[in-house]
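What the coordinates show
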Amino acid sequence: MNESTPGRSKIISCRFTDVEQVTEFLTYSQMEMIQLSCGSFQSEFFATQIGDLYFTRISTNQSVQAISPRTAGIFNFCVALGRQLN
């Protein structure tokens, strides 16, 4: 994991090779991830904080389902990008 804290901003960058590692890393958010497709798993996590805003990007090479409880006062936006198979 790489961490940087210039001023009030914070940047975190991680790589994972198991979906359980991602779930353990995200325990603060109570998010659970389940791998839906077969094959070796690779994931990258990138997050930055600017003031009270948090921007997070999680990419995986496999299909996953992410489940997380709602938290009062926090708004989440998700853009799911996928690749269409021929």
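Relevant structure appears above.
The text that follows walks through the structure, step by step, so that each part is easy to find.

Details of the overall build of the protein
- Each helix and strand counted, the protein has one helix and six strands in total.
- Sequence-ordered secondary structure for the protein, helices as α and strands as β, is β-β-α-β-β-β-β.
- Across the 86 residues that make up the protein, the buried fraction comes to 17%.
- In the protein, once contacts between residues fewer than 6 apart in sequence are set aside, the share between residues at least 24 apart is 50%.
- When the accessible surface of the protein is split by element, carbon and sulfur atoms take 53% of a total near 7,300 Å².

Here's the deal with the pattern of salt bridges
- Under the definition given, this model contains two salt bridges.
- Between Glu-44 and Arg-57 there is a salt bridge, with the nearest N and O atoms lying 3.7 Å from each other. You can see Glu-44 sitting in strand 4 (residues 43–50) and its partner Arg-57 sitting in strand 5 (residues 53–60), a full 13 residues away along the chain.
- Judged by relative accessible area, Arg-57 falls into the partly exposed class, the value being 44%.

Side note on the side chain of Thr-23
- Within the fold, Thr-23 resides in helix 1 (residues 19–25).
- Engagement of the side chain of Thr-23 in a polar contact is seen with the backbone nitrogen of Met-33, the distance being 3.3 Å.
- The residues touching Thr-23, leaving out its near neighbours within four places in the chain, are Met-31, Glu-32 and Met-33.

Considerations on the side chain of Gln-49
- Turning to its location among the elements, Gln-49 is positioned in strand 4.
- Only 3.4 Å separates the side chain of Gln-49 from the side chain of Tyr-54, close enough to count as a polar contact.

Remarks on the packing of aromatic side chains
- Scanning the model with the defined rule gives two aromatic pairs in all.
- Measuring from ring centre to ring centre gives 5.4 Å for Phe-16 and Phe-25, while their planes differ by 50°; the resulting arrangement is tilted.
- Relative to Phe-45, the ring of Phe-25 lies with its centre 5.0 Å away and its plane at 70°, an arrangement referred to as edge-to-face. Separated by 20 residues along the polypeptide, Phe-25 in helix 1 and Phe-45 in strand 4 bring together distant segments of the chain.
- Its relative accessible area of 24% is what places Phe-25 among the partly exposed residues.
- One aromatic cluster is present, built from ring pairs that chain together Phe-16, Phe-25 and Phe-45.

Examining the nonpolar core
- Grouped together as the largest cluster of nonpolar side chains are ten residues: Ile-12, Cys-14, Phe-16, Val-19, Val-22, Leu-26, Met-33, Phe-41, Phe-45 and Ala-47.
- Put simply, the parts of the chain that give this core at least two residues each are strand 2 (10–16), helix 1 and strand 4.
- Here the element with the most residues in this core is strand 2; it accounts for three residues.
- Those residues in contact with Leu-26 that lie beyond four places of it in its chain are Met-31, Phe-45 and Ile-58.

Reading guide: rules and limits
Residues numbered from 1 in each chain as written. Predicted model: local features only at pLDDT ≥ 70, side-chain atom pairs only at ≥ 80, totals over all residues. Heavy atoms only, no water. Helix = DSSP H or I, 4+ residues; strand = E, 2+ residues; numbered from the N terminus. Buried < 20%, exposed > 50% of the residue type's maximum accessible area, 1.4 Å probe, protein only. Contact = heavy atoms within 4.5 Å. Areas by Shrake-Rupley, 256 points an atom, 1.4 Å probe, with all protein chains shown as cover. Salt bridge = Lys/Arg side-chain N within 4 Å of Asp/Glu carboxyl O. Polar contact = N/O pair within 3.5 Å; in protein donor to acceptor, adjacent residues only side chain to side chain. Phe/Tyr/Trp six-rings, centres within 6.5 Å; stacked < 30°, edge-to-face > 60°. Core = buried A, V, L, I, M, F, W, Y, C linked by side-chain atoms within 4.5 Å.

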